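Coordinate analysis (summary)
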There are 2 protein chains.
Amino acid sequence: MEKQLAWISPEKIESRSMEIIEQEMLPGDWTPGELAVVKRCIHTSADFDYASNLYFSPDAVDRGKKALGRGAVIVTDTAMAAAGINKAALEKLGCSVRCFMGEEDVAREARERGITRAIVSMERAAALEGTVIFAVGNAPTALIRLCELIQEEAVCPALIIGVPVGFVNVVESKERLCAMEVPCIVARGRKGGSNIAAAICNALLYQLVR
Amino acid sequence: MEKQLAWISPEKIESRSMEIIEQEMLPGDWTPGELAVVKRCIHTSADFDYASNLYFSPDAVDRGKKALGRGAVIVTDTAMAAAGINKAALEKLGCSVRCFMGEEDVAREARERGITRAIVSMERAAALEGTVIFAVGNAPTALIRLCELIQEEAVCPALIIGVPVGFVNVVESKERLCAMEVPCIVARGRKGGSNIAAAICNALLYQLVR
């Protein structure tokens, strides 16, 4: 076992994977920072659709990187996305991850108001102080509520990663975000997910520390 | 906000999504239990490739369900997959999830032996007592080591979910698993991931409890 596999370091697997991705993907009109995000989404899914469905608002990658350099909090809408973000990289930058979805009082308030926990989670996150990045990989209701909170000037995120996945309300929620003048990275169409949300966060982090 | 979205319960979104998936996917020769797994993989990724790339060994779904009914431990190769498995469903069945990847002594042993943490994690998991399901969504080295441990009769999993994603060693590791006479569910080709590993676990759990 060790003879056969010891020589394949994870770093080498990753760099070889990125070479293969770059060879096989269609060329696009990305900045180097955007290209790193596109490649990492393909790396995490083996799905080359991410070479054509990712939308970047102007300077979204630079704004995200600046926010992470200032020790931003990343708010996710699933524990899974939170688990997928590289903790060592976050720690080096003084950043952290928050997910309100599992908190008991969030569930209670959602029940009482007859709305999703994802909506309540976004409202909780809007009250955070400091620099905040939102990474929504699951719930279109979270993304829609976030758009409303921005329009109400109740929150001003440094960056929104809008990549919920699915078949109902998902495309609409992402198109609404794209139409707003806010810094955002969006997987247009049905695709996305907690893994993609985490991958985009990691692609930004790895441009700063590794 | 509450007027607009309160009526869309998460359960309704999910059942409508499953209807859309069934309408759009190519028909296949699955058992009802297998079909539920296929549909949940598409639900979590919006990627219809999972209607053609999933391999089920004979009775894999029934074996997985029996194991979960006996209170199995699910071992994952990422914290992200572990985070994505429904904890309420696990608890109802007396099941649990373990992931050894983040443990300090696993990292130390991997460094000392010059191998991946994923390999050491599988060796640790092989020493677990009771009924064990392996869900590998990330590391081909984990899957290869697991195949070796089975051949050495060091472990006898109730089910192996073999869905690592990627471009290097991934296809080979999954084909090796498919060629063995063990209960397994495999996403053939490059695709898979921690989200897919969790989705397959949840698809089995939801056939027992919801």
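Residues numbered from 1 in each chain as written. Chains lettered and ligands numbered in written order. Predicted model: local features only at pLDDT ≥ 70, side-chain atom pairs only at ≥ 80, totals over all residues. Heavy atoms only, no water.

Below, the discussion takes up the environment of A:G71. Position of A:G71 among the secondary structure elements: in the loop between α5 (60-69) and β2 (73-76). Look past the residues within four positions of A:G71 in its chain and what remains in contact with it is A:L93, A:G94 and A:C95. (Helix = DSSP H or I, 4+ residues; strand = E, 2+ residues; numbered from the N terminus. Contact = heavy atoms within 4.5 Å.)

The next point concerns the relation of the copies chain A and chain B. Turning chain A through 180° and shifting it by 0.0 Å along the axis lays it on chain B, with an RMSD of 0.0 Å. The relationship between the two copies is best expressed as a two-fold rotation axis. Measuring from the rotation axis to each C-alpha of chain A, the shortest distance belongs to A:M80, at 2.6 Å. Both copies contact each other with a shared surface, as 100% of the interface residues of chain A are interface residues in chain B too. (Least-squares fit on C-alpha atoms with pLDDT ≥ 70 in both.)

As enumerated under the stated definition, the model contains 34 salt bridges over all chains in all. Residue A:R16 pairs with A:E19 through a salt bridge whose shortest N-O separation is 2.8 Å. Linking A:R16 with A:E19, this pair stays in helix α2 (residues 10-24), spanning 3 residues, or about one helical turn. Note that B:E103 and B:R98 form a salt bridge whose closest N and O atoms lie 3.7 Å from each other. Taking relative accessible area as the criterion, B:E103 reaches 29% and is therefore assigned partly exposed. (Salt bridge = Lys/Arg side-chain N within 4 Å of Asp/Glu carboxyl O. Buried < 20%, exposed > 50% of the residue type's maximum accessible area, 1.4 Å probe, protein only.)

Another aspect to go through is helix α10 (residues 170-178) of chain B. All names here are of chain B. Buried within α10 we find V170, S173, K174, L177 and C178. When α10 is viewed along its axis, its buried side chains cluster within an angular range of 140° and face the same direction. Summarising the contacts, the buried residues of α10 are in contact with β1 (54-56), α9 (140-151), β5 (159-162) and β6 (184-187). (Arc of directions from axis to C-beta.)

All names here are of chain A. With 95% of its residues at a pLDDT of 70 or more, chain A shows a mean pLDDT of 94. Across residues 1-7 the pLDDT falls below 50, and counting only partners more than four positions away or on other chains, this stretch makes 14 contacts in the model. Interface scoring of the predicted complex returns ipTM 0.94; its pTM is 0.95. (pLDDT = per-residue confidence, 0-100.)

In total, this model carries 2 aromatic pairs over all chains according to the counting rule given. Aromatic pair A:F48 and B:F167: ring centres 6.0 Å apart, planes at 80°, arrangement edge-to-face. Remark: B:F167 occurs in the loop between β5 and α10 and A:F48 occurs in the loop between α3 (32-45) and α4 (50-53); the pair is interchain, linking two chains. Against the face of A:Y206 rests A:R210, its NZ or CZ located 3.8 Å from the ring centre. (Phe/Tyr/Trp six-rings, centres within 6.5 Å; stacked < 30°, edge-to-face > 60°. Lys NZ or Arg CZ within 6 Å of the ring centre and 35° of its normal.)

With 44 residues of chain A in contact, the opposing surface of chain B contributes 44 residues. Carbon and sulfur atoms make up 67% of the area that chain A and chain B hide from each other, which totals about 3,500 Å². The tally of links between chain A and chain B comes to 2 salt bridges. A salt bridge links B:R190 to A:E24, with the nearest nitrogen and oxygen atoms 2.7 Å apart. Of all the elements in the fold, those that place two or more residues in the side of chain A that touches chain B are α1 (2-5), α2, α3, α6 (79-84), α10 (140-151) and α12 (194-205) of chain A. Here the side of chain A that touches chain B gets 7 residues from one element, more than from any other, and that element is α2(A). Residue classes in the side of chain A that touches chain B are distributed as 21 nonpolar, 14 polar and 9 charged. (Buried area = accessible area lost by both parts, 1.4 Å probe. Nonpolar A, V, L, I, M, F, W, Y, C, P; charged D, E, K, R; others polar.)

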